[in-house]
Amino acid sequence: MAEPVRYIISFLLTSLAATAPITAPATASAEVPRVVTDIPPVHALVAQVMGDLGSPALLLAKGASEHDFQLRPSQAQALAEAQLVVWIGPELTPWLDRALRGLTTGTSLALLDAPETETRAFSADGAHMEADHDGHDDHGHDGHDHSGTDPHAWLDPDNARHWLPLVAAELSRLDPANAATYAANAKAADARIAALDTRLAAQLAPYSDRPIVAYHDAYGYFSAHYGLKILGSIALGDATAPGAAKLSALTDALAAGQAACLFPEAQHDPALAEQLASGAGLRLGPALDPVGSTLEPGPAAYAALLTALADGMTTCLGAGSGP
């Protein structure tokens with residue numbers, strides 16, 4: 001950004017009239033904390049813990065991307081006024097990390113750094129079926145770095161269940177009068193996710209021996225949890241795309257990889273995936289949406305996200321491996 005985030009937020013707060021929160025929450029009693037979340041699945045988890053007491057604000061509403069994100073004035077104000085920000089961490093949204101460093105009030109809960117959160121590294125070198133790195137310099141972009149820790153940890157429902165009481169504890173610290181309600185809501189949400197997990201495990205179990213190719217390396221947590229096999233990914237990062245010069249080599253690699261299905265991804269042009277699937281003789285699956293950008297935000301969005309991933313995969317895998 002051209003100027004320090006602290007100056008920009010200060011300017012916005014002093015020069016703009018009061019604006020509505022990012023995603024307008026339901027009216028709540030004054031003591032309920034003002035909470036901001038980063039992405040739809042985190043928003044859904046926090047919303048379940050808050051229940052009828054109030055609603056968290058959401059930065060990345062429906063259709064928004066976590067990459068190259070620019071805070072609107074109302075979003076900068078909501079962050080400045082938030083008592084609690086619940087987010088994945090700088091590994092996913094470095095732009096939010098910069099914004100938070102410019103604030104002097106409120107607290108934040110970075111879920112990826114929470115004790116006992118199960119994390120994993122991105123796939124080892126060679127697991128990606130990257131066509132061409134030339135001309136795709138990531139420096140200066142806000143797309144998360146696809147090295148080190150994979151930030152897509154919400155795709156493991158065990159992590160989601162682990163985070164619920166942590167969110168309840170933070171809310172209870174800020175709002176002790178409603179601590180029992182937050183704890184009860186977290187327990188109920190845990191039961192719902194456990195039931196969802198059992199159903200999805202049974203749904204996906206028949207396809208553990210059918211490797212798939214994804215658009216980018218975002219599904220390691222999901223595949224590890226449900227015993228799926230990801231042969232590789234088209235692009236190294238979800239904010240980049242492979243170059244066209246070596247698409248024929250990529251097609252050969254896919255054809256030799258014994259993959260059953262290739263999946264495009266929401267917010268990315270499907271033309272490349274369609275071309276590769278056709279050239280490699282792979283069945284093309286529906287577009288996957290690992291962040292829930294196409295879903296309606298709300299408490300039900302977390303279950304909808306995992307269900308959509310499982311349904312999309314089994315739709316293709318269950319249809320056979322032919323084109």
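Predicted, not measured: the structure shown is a model, and the values here were computed from it.

Chemist: Please provide a residue-by-residue account of the sheet that holds strand β1 (residues 35-37), values included.
Modeler: Here 4 strands make up an open sheet; going across it, the order is β2-β1-β3-β4 and the pairing parallel. The sheet is open, and its two edges are formed by β2 (57-58) and β4 (107-110), each paired on a single side. Pairing of strand β3 (residues 84-87) with β4 involves 4 bridges; the strand directions are parallel. From the neighbouring strand, Val86 faces β4, where its bridge partner is Leu109.

Chemist: Tell me about the nonpolar core, and please be specific about residues and values.
Modeler: In this structure, Val86, Ile88, Trp154, Leu155 and Phe222 are the most contacted members of the largest nonpolar core, which totals 74 residues. Apart from the residues within four sequence positions on either side, Leu155 is in contact with Ala218, Tyr219, Tyr221, Phe222, Pro290, Leu305, Leu306 and Leu309. Core analysis: the second largest hydrophobic core is formed by 13 residues, Ile234, Leu254, Leu276 and Leu282 among them.

Chemist: Outline the confidence of the model for the protein, supporting the account with residue identities and numerical values.
Modeler: Do not read the fine detail of predicted coordinates wherever pLDDT is low. Residues with a pLDDT of 70 or more make up 76% of the protein, whose mean pLDDT is 82. A low-confidence stretch, residues 1-29 (pLDDT under 50), is modelled with 37 contacts involving residues beyond four sequence positions or located in other chains. For the stretch residues 125-146, pLDDT sits under 50, and the model shows 63 contacts to residues farther than four places along the chain or on other chains.

Chemist: Tell me about the sheet that holds strand β7 (residues 261-262), and name the residues and values.
Modeler: What the 4 strands build is an open sheet, ordered β6-β5-β7-β8; its pairing is parallel. Edge strands, defined here as strands with exactly one partner in the open sheet, are β6 (230-235) and β8 (283-284).

Chemist: Lay out helix α5 (residues 157-174) with the relevant residues and their values.
Modeler: Given 3.6 residues per turn, any residue in an α-helix points the same way as the ones three and four places further on. Between its terminal C-alpha atoms α5 stretches 26 Å, which fits the 26 Å expected from 18 residues at 1.5 Å a residue. Those residues of α5 lying buried are Pro157, Asn159, Ala160, Trp163, Leu164, Val167, Ala168, Leu171 and Ser172. Capping of α5 at its N-terminal end is provided by Asp156; its side-chain oxygen lies 2.9 Å from the backbone amide nitrogen of Asp158.

Chemist: Break down the state of the cysteines for me, with residues and values.
Modeler: In total, this model carries 1 disulfide according to the counting rule given. Bridging Cys261 to Cys316, the disulfide has an S-S length of 2.1 Å. Its S-S torsion of about -105° marks the bond between Cys261 and Cys316 as left-handed, since a negative value means left-handed. Taken as a pair, Cys261 in strand β7 and Cys316 in helix α10 (residues 301-317) lie far apart in primary sequence, 55 residues in all. The exposure class of Cys261 is buried, given its relative accessible area of 0%. With relative accessibility at 2%, the residue Cys316 sits in the buried group.

Chemist: Tell me about the pattern of salt bridges, and please be specific about residues and values.
Modeler: A complete count under the given rule lists 4 salt bridges for this structure. Glu170 serves as the salt-bridge partner of Arg173, at 2.9 Å between the closest nitrogen and oxygen. Remark: Glu170 and Arg173 occur in helix α5; sequence separation between them is 3 residues, near one turn of the helix. The partly exposed category is assigned to Arg173, whose relative accessible area is 46%.

What counts and how
Along each chain, numbering runs from 1 in the same order as the chain's sequence is written. Per-residue local features of the predicted model are confined to residues with pLDDT of at least 70, and side-chain atom pairs are confined, for both listing and counting, to 80 or more; whole-chain, interface and lining totals are unaffected and use all residues. Note that water and hydrogens are dropped before the side-chain values are worked out from all heavy atoms of the structure. Whether two strands pair depends on DSSP finding at least two bridges between them. Helix numbers and strand numbers start at the N terminus; a helix is a DSSP run of H or I with at least 4 residues, a strand a run of E with at least 2. To define a nonpolar core, start from buried Ala, Val, Leu, Ile, Met, Phe, Trp, Tyr and Cys residues and group those joined through side-chain atoms within 4.5 Å. Summary of the burial criterion: residues with accessible area below 20% of their type's maximum are buried, those above 50% are exposed, and those between are partly exposed, where the area comes from a 1.4 Å probe applied to protein chains only. By definition, residues are in contact when any of their heavy atoms lie within 4.5 Å. As a per-residue quantity, pLDDT reports the predictor's confidence and falls between 0 and 100. By this rule the span expected of a helix is its residue count minus one, scaled by 1.5 Å. For the purposes of these results, a polar contact is taken to be a pair of N or O atoms within 3.5 Å, where, inside protein, one atom must be able to donate a hydrogen and its partner to accept one; residues adjacent in sequence count only when each atom of the pair is a side-chain atom. Two cysteine sulfurs form what is called a disulfide whenever their separation falls within 2.5 Å. Each reported salt bridge corresponds to a side-chain nitrogen of Lys or Arg within 4 Å of a carboxyl oxygen of Asp or Glu.

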